[in-house]
Amino acid sequence: MCGIFAYVNHLVPIKRKEVLEILIKGLQRLEYRGYDSAGVAIDGGNSYNEDEGIRIIKKRGKVKVLEEEIYIQEDLDMERVFNTHVGIAHTRWATHGEPNAVNSHPQRSSTNNEFVVIHNGIITNYKDVKKFLQNKGHVFESDTDTEVIAKLVFHLYEKHKDDKITFRELVEHTIQQLEGAYALVFKSIHFPGECVVTRRGSPLLIGVKSNTRLSTDHIPILYSKDLPDQRGGKKNITANIARHPSTTEFHPVGPEREVEYFFASDASAVIEHTNQVIYLEDDDVASVVDGCLSIHRVKRTIDDSTVREVITLKMEIQQIMKGNFSSFMQKEIFEQPESVVNTMRGRVNFETNQVNLGGIKDYMSEIRRCRRLLFIACGTSYHSAVATRQLLEELTELPVMVELASDFLDRSTPVFRDDVCFFISQSGETADTLMALRYCKTRGALIVGITNTVGSSICRESHCGVHINAGPEIGVASTKAYTSQFISLVMFGLMMSDDRISLQSRRAEIIRGLQRLPEQIKEVLKVDEQIHSLAQELYQQKSLLVMGRGYNFATCLEGALKIKELTYMHSEGILAGELKHGPLALVDKAMPVIMIVTRDHVYPKCMNALQQVKARHGNPVIICNQGDEETKMNAYKNIEVPCTVDCLQAIVSIIPMQLLSYHIATLRSLDVDCPRNLAKSVTVE
């Protein structure tokens, strides 16, 4: 959702203009996360006036609007050089308070900007903290939950400034009073050149750039003393502050201590600067002082890792560029022939019909002994589980439950020690999915993560998992991640059934289908112009029904979701078997209907539904197999797709729906990559 980016340069001379360019570029890399306003905070002052505190610039709208606002600031000397500087930047997705400059981040502690903070997440107890601070005389200027954080850290500083408290200790004590989810970055005039960051439930990573070797590849974790509790079980805002000296430092080796740190919600914002990153975990507090990075935790728990590893990213800057395409979504649709190959590479042996998912192979004996399989996800990831449920039931001969993460938590669903729970998320940070994971983990179930993001929270908190290897997905509406998730779950089913003699012919058929899939997707992409012509007929409509059944029901759900996400048109995915139980009342000659009718075991039933639609004067557009003349005779218009194995047909059939939603959105002059009100990574409940 919100995007965080911060930049710290230590002994690296840089002009203010260059600092701002880095911050703006970082925000632009995070635009896909969804936002409605943006802001930056930098050191104020010019060459003739060095002490002007912190300068905050915020605007409603796109990052481009913020950039224009920055460069019309006549009192900022853009040529001033800083040897050491902390700059923070943020894109806000409104949760508390409408989108405007006052509610945008950074939020400040007071009118003279003594402490400023940027925040991704939601503070659930902000009203209690706000009431406490108002009673202490603090005046609030925004409607946000974030402002309480800036004012709370300022309140604690005023109370304990004579104790020689460090910036990190202030932040540690502040977060003890906060409930909810957050990633936070702090900057203060009282601690120049220092930056403190922390996270709980929202993603945050640190990029490190240095011309010399770093002191270590594993940063030891330090623990501060537990903070006292003096309000009958509630955290005490006025408690005495416990301090612990920092003895762990991470810095360049040798006399040259030049170093740059980048803090971001996502690796895509730092990859053009460095490929050396550290993923913070929940309740980590990282601080940079005099160019040295240390990581602390307030409390020690049994499962804590004692180090944070410096990871080398394999992502390339070209992967997060549009290339010759007009949008990231269009690029990602056309990347699917390659992305599905990457998902299968090294895992499927087409000669021996063997499938090996290295991330879960050590747990296969435990998975085979389980009582049931639970697949828990949200949105498009949920649809990938629906799409493969029937096949997984066939190949594993186990009960398969597919659950929406938010509903799963609302029902307090019973989970047992002999369950295996799969959690599917492109980002690996989806809040509801992550909360459901922790719920299942505390009940002793085996946790399997299916994600596209190495180092994500779901990756780290799962017992084992599968990385789908789809490559970075920037467009908010998921396309290539869906098909890669689909294939990953199919591969899991094939791995589960590799010792079933009765299923060997079925397995061989599916594996041959997987081998043909990249070429078949290329073939579907050739009908792009035909789909563009169809979009020209549909883009002024107000509603669209998508119908199918069997393996293609999930295609209907996912296709309708894409239409909703991108075009803002009402769209509904309907199970064709339910047509007579209500949805048929919607059908008339004015209602656009798309039907997915392919040659599988439910073909006769789909044809019955098609006849019912036609009998109500419907004019269905049919997605059918190539050369299926019988089906095409009943269509107003048709889109032909290659015929493949029944359980893989949905991968081929979803491509036209992705293209259709893209073309309708462009014809409506909408932002394809960043639909209104939506975010790529939903990091709050």
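The paragraphs below set out a description of the structure included in this document. (Residues numbered from 1 in each chain as written. Predicted model: local features only at pLDDT ≥ 70, side-chain atom pairs only at ≥ 80, totals over all residues. Heavy atoms only, no water.)

Points about the packing of aromatic side chains
Line of reasoning, step 1. Per the counting criterion, the structure on display carries 13 aromatic pairs.
Line of reasoning, step 2. Three or more aromatic residues link up through ring pairs in this structure, and these residues are Phe 115, Phe 154, Tyr 157, Phe 167 and Phe 191.
Line of reasoning, step 3. The cationic tip of Lys 151 hangs over the ring face of Phe 140; the distance from NZ or CZ to the ring centre is 5.3 Å. (Phe/Tyr/Trp six-rings, centres within 6.5 Å; stacked < 30°, edge-to-face > 60°. Lys NZ or Arg CZ within 6 Å of the ring centre and 35° of its normal.)

A few points about the nonpolar core
Line of reasoning, step 1. Counting 89 residues, the largest nonpolar core has Ile 360, Leu 373, Phe 375, Phe 492 and Leu 660 as the members making the most contacts within it.
Line of reasoning, step 2. If near-sequence neighbours (up to four positions away) are discounted, Leu 373 is found in contact with Ile 367, Thr 396, Leu 398, Pro 399, Val 400, Met 401, Val 420, Phe 422 and Phe 492. (Core = buried A, V, L, I, M, F, W, Y, C linked by side-chain atoms within 4.5 Å. Buried < 20%, exposed > 50% of the residue type's maximum accessible area, 1.4 Å probe, protein only. Contact = heavy atoms within 4.5 Å.)

Some points on the sheet that holds strand β21 (residues 446–451)
Line of reasoning, step 1. In space, the 5 strands of this open sheet follow the order β19-β18-β20-β21-β22, with parallel pairing throughout. Since the sheet does not close on itself, it has two edges, and those belong to β19 (400–404) and β22 (464–467), each with one partner. Sheet twist, expressed as the average angle between the axes of neighbouring strands with direction ignored, equals 20°.
Line of reasoning, step 2. Taken together, the 6 bridges between strand β18 (residues 372–377) and strand β20 (residues 419–425) define a ladder with parallel strand orientation. Residue pairing across strands places Leu 374 opposite Cys 421, the latter belonging to β20.
Line of reasoning, step 3. Docked against the sheet, helix α11 (residues 431–442) engages β18, β20 and β21, running at close to 165° with respect to β20.
Line of reasoning, step 4. Contacts between helix α13 (residues 480–496) and the sheet are confined to β18, β20, β21 and β22, with β20 contributing the most and set at about 160° to the helix. (Pairing = 2+ DSSP bridges. Helix = DSSP H or I, 4+ residues; strand = E, 2+ residues; numbered from the N terminus. Axes fitted to C-alpha atoms, helices over the stretch in contact; angles between N-to-C directions.)

Some details on the packing of helix α7 (residues 336–344) against α13
Line of reasoning, step 1. Between α7 and α13, the shortest axis-to-axis distance is 9 Å and the interhelical angle comes to 30°. One element, α7, and the other, α13, form an angle in the roughly parallel class. Considering how the two elements wind past one another, α7 and α13 form a crossing that is right-handed. Of the residues in α13, those touching α7 at Gln 336, Ser 339, Val 340, Thr 343 and Met 344 are Lys 480, Thr 483, Ser 484, Ile 487, Ser 488 and Met 491.
Line of reasoning, step 2. Looking at side-chain class alone, the contact of α7 with α13 contains 4 nonpolar, 6 polar and 1 charged residues. (Parallel < 35°, antiparallel > 145°, perpendicular 65-115°, else oblique. Left-handed = near helix turned anticlockwise from the far one by under 90°. Nonpolar A, V, L, I, M, F, W, Y, C, P; charged D, E, K, R; others polar.)

Considerations on the side chain of Asn 634
Line of reasoning, step 1. Note that Asn 634 resides in the loop between α18 (629–632) and β27 (637–641).
Line of reasoning, step 2. A distance of 3.1 Å separates the side chain of Asn 634 from the side chain of Gln 611, its partner in a polar contact.
Line of reasoning, step 3. Dropping the residues within four chain positions of it, Asn 634 is found in contact with Met 607, Leu 610, Gln 611, Lys 614, Pro 620 and Ile 622. (Polar contact = N/O pair within 3.5 Å; in protein donor to acceptor, adjacent residues only side chain to side chain.)

So, the environment of Leu 538
Line of reasoning, step 1. Its location among the elements puts Leu 538 in helix α15 (residues 528–538).
Line of reasoning, step 2. A C-alpha to C-alpha distance of 14 Å links Leu 538 and Asn 638, two positions 100 residues apart in sequence.
Line of reasoning, step 3. Beyond its immediate chain neighbours, meaning those up to four positions away, Leu 538 contacts Met 569, Pro 592, Leu 660 and Ile 664.

Thoughts on the sheet that holds strand β24 (residues 570–575)
Line of reasoning, step 1. Strand order in the open sheet made by the 5 strands is β24-β23-β25-β26-β27, with parallel pairing throughout. Two strands bound the open sheet, and with one partner strand each, they are β24 and β27. Taking each pair of neighbouring strands and ignoring which way they run, the sheet shows an average axis angle of 20°.
Line of reasoning, step 2. Taken together, the 3 bridges between strand β23 (residues 543–548) and strand β25 (residues 593–596) define a ladder with parallel strand orientation. From the neighbouring strand, Leu 545 faces β25, where its bridge partner is Val 593.
Line of reasoning, step 3. Sheet strands in contact with α15 are β26 (620–625) and β27, and its direction is about 150° off that of β27.
Line of reasoning, step 4. Relative to β25, helix α17 (residues 603–615) is tilted by about 165°, and along the sheet it contacts β23, β25 and β26.

Focus: the side chain of Asn 625
Line of reasoning, step 1. Following the sequence through the fold, Asn 625 ends up in strand β26.
Line of reasoning, step 2. With a relative accessible area of 2%, Asn 625 lands in the buried category.
Line of reasoning, step 3. Apart from the residues lying within four places of it in its own chain, the contact partners of Asn 625 are Val 597, Thr 598, Arg 599, Glu 640, Val 641, Pro 642, Cys 643 and Gln 649.

Some words on the pattern of salt bridges
Line of reasoning, step 1. Across all of its chains, the model carries 39 salt bridges by this definition.
Line of reasoning, step 2. A salt bridge links Asp 282 to Arg 438; the nearest nitrogen and oxygen atoms lie 2.7 Å apart. Pair noted here: Asp 282 is in the loop between β12 (276–279) and β13 (284–289) and Arg 438 is in helix α11, with a separation of 156 residues, a long-range link.
Line of reasoning, step 3. Taking the relative accessible area as the measure of exposure, Asp 282 reaches 16% and is therefore buried.
Line of reasoning, step 4. Notably, a salt bridge pairs Asp 498 with Arg 368, separated by 3.0 Å at the nearest N-O pair. Taken together, the positions of Asp 498 in the loop between α13 and α14 (504–525) and Arg 368 in helix α8 (residues 364–368) put the pair 130 residues apart, joining distant regions of the chain.
Line of reasoning, step 5. The class of Asp 498 is partly exposed, set by a relative accessible area of 27%. (Salt bridge = Lys/Arg side-chain N within 4 Å of Asp/Glu carboxyl O.)

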